[in-house]
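Results of the structural survey
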Amino acid sequence: MSTESEVLESSQEVKFYLHKINFLPYVDSPKQKTNDILFDVLNFLNKEHLQGKAYAIDKNKNKPEMERREMFMNNPVRVARTNKFKCSMALLKDKSLMVKPKDTFELVPFNKATGLIAELTHFYIDYSVSPAIICAQFNNDGPRISDIEFYFRSLAQEMRLARGCQTTTYLYAPIDTTLAHLHNVLNFEIKLRPQSIAQMDDDIKGGFISDFSNMGNRLKPNFIRVEAMFQTPGAKVKSEHLNKEANTFIINLLKKCQAKPFHIDQFDEFEIKFVNKDGENETFNLTKGKREISVQINREEHMTTTKYYHLIEAHFDKFIETFHS
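Read on for a plain summary of the structure.

Analysis parameters
- Residues numbered from 1 in each chain as written.
- Predicted model: local features only at pLDDT ≥ 70, side-chain atom pairs only at ≥ 80, totals over all residues.
- Heavy atoms only, no water.
- Phe/Tyr/Trp six-rings, centres within 6.5 Å; stacked < 30°, edge-to-face > 60°.
- Helix = DSSP H or I, 4+ residues; strand = E, 2+ residues; numbered from the N terminus.
- Buried < 20%, exposed > 50% of the residue type's maximum accessible area, 1.4 Å probe, protein only.
- Lys NZ or Arg CZ within 6 Å of the ring centre and 35° of its normal.
- Pairing = 2+ DSSP bridges.
- Axes fitted to C-alpha atoms, helices over the stretch in contact; angles between N-to-C directions.
- Contact = heavy atoms within 4.5 Å.
- Parallel < 35°, antiparallel > 145°, perpendicular 65-115°, else oblique.

1. With respect to the packing of aromatic side chains
- One pass over the full model with this rule turns up 17 aromatic pairs.
- With a centroid separation of 6.5 Å and 85° between ring planes, the pair formed by Phe 123 and Phe 152 is classed as edge-to-face. Residue Phe 123 is located in strand 8 (residues 117-126), and its partner Phe 152 is located in helix 3 (residues 145-158); the two are separated by 29 residues in the primary sequence.
- Taken together, a centroid distance of 6.0 Å and an interplanar angle of 40° make the contact between Phe 188 and Phe 230 tilted. Linking Phe 188 in strand 11 (residues 182-192) with Phe 230 in the loop between strand 12 (224-229) and helix 8 (244-259), this pair joins segments that are 42 residues apart in sequence.
- Its relative accessible area of 4% is what places Phe 188 among the buried residues.
- For Phe 230, a relative accessible area of 35% gives the class partly exposed.
- The structure contains a cluster of three or more aromatic residues connected by ring pairs, namely Phe 23, Tyr 55, Phe 123, Tyr 151 and Phe 152.
- Across from the ring centre of Phe 223, 4.2 Å away, lies the NZ or CZ of Lys 191, which sits over that ring.
- Of note, Lys 290 hangs over the ring of Tyr 17, and the distance from its end group to the ring centre comes to 4.8 Å.

Here is the structure:
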């Protein structure tokens, strides 16, 4: 019989975040609605799977300075008697890796002749509402929601169904609410990986973020964290003491994340403390403010898309119900 401490040691928290997905159809596309385009894309992937094929894409194909980020989506399976699909996406690790053989403490190169190591991210799509909603596992080592968005966009373009695709993460405190309330930034803390900056569009990398990139190129750190403090929270704020440069930077950055939400996925931390227009202190967290479903798994158990689905199903359905009421 397992003790409580043994159960806790073998237990692992896995988080799923909620996003909506929108396709931008071509003018001459036979399908003009997001869910219709999504359904055609998923059906195409299902037919490819039945023929023993898959649609693979390297997200960094046009970025020779970066390591390959080749992904493919496994067979999307429709959940019986529902408007849901169970999905997973694999990220292939095509680089030199070391492995530890069992019962030894020696490291040997992984033999690629046997295949490539793949990191799986499981996600679920509900198209009973429009636009459809994605419940996606957060896997730091595997594909993220920005990768899923890129994959769907690329395939929809190749199928001549849509010229674009955008996912928007559901937040407890929406960005537009924060922008409407923000009067004066007191401090902010930002943490991100240098390689994440390379995944961002040029329009967001200008200015301060480009300084992060230069630091990453020179010092090669695993993470870059910047904390800037302008005023002590609780202090009386006067108009002549507005932190104009900080306000402009934060407002512009939030607007860019709002316009292209996949950028949110590139930040490991992003917290702002500010004074609102009523003179009260508020905190906005771009990364920890995501709507989430948290489940516990046994870290020793091999988790499949179906096993994860049974864990998140009730919570996902409850979230979807809010759109039907």
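2. Some details on the sheet that holds strand 11
- Sheet architecture is open: four strands sit in the order 12-11-13-14, paired in antiparallel fashion. The sheet is open, and its two borders are formed by strand 12 and strand 14 (281-285), each paired with just one other strand. Neighbour to neighbour, the strand axes of the sheet diverge by 20° on average, direction disregarded.
- The sheet contact formed by strand 11 and strand 13 (residues 267-276) spans nine bridges and is antiparallel. What sits directly across from Asn 187, in strand 13, is Lys 273.
- Helix 8 rests against strand 11, strand 13 and strand 14 of the sheet, and its axis sits at about 65° to strand 11.

3. Things to note about the packing of helix 2 (residues 34-50) against helix 3
- Packing of helix 2 against helix 3 leaves a shortest axis separation of 10 Å and a crossing angle of 90°. Classed by the angle they form, the pair helix 2 and helix 3 counts as roughly perpendicular. Along its contact with helix 2, which presents Leu 38, Val 41, Leu 42, Phe 44 and Leu 45, the element helix 3 presents Tyr 151, Phe 152, Leu 155 and Ala 156.

4. So, the pairing of strand 8
- Relative to strand 8, strand 5 (residues 84-93) runs antiparallel, the two being bridged by 10 bridges. If you follow Lys 93 over to strand 8, its bridge partner there is Ile 117.
- When strand 8 meets strand 9 (residues 133-137), the two strands line up antiparallel, connected through four bridges. The partner of Ile 125 across the bridge, within strand 9, is Ile 134.
- Between strand 8 and strand 9, which follow one another and run antiparallel, lie six residues.

Shape descriptors only; they carry no functional weight alone.
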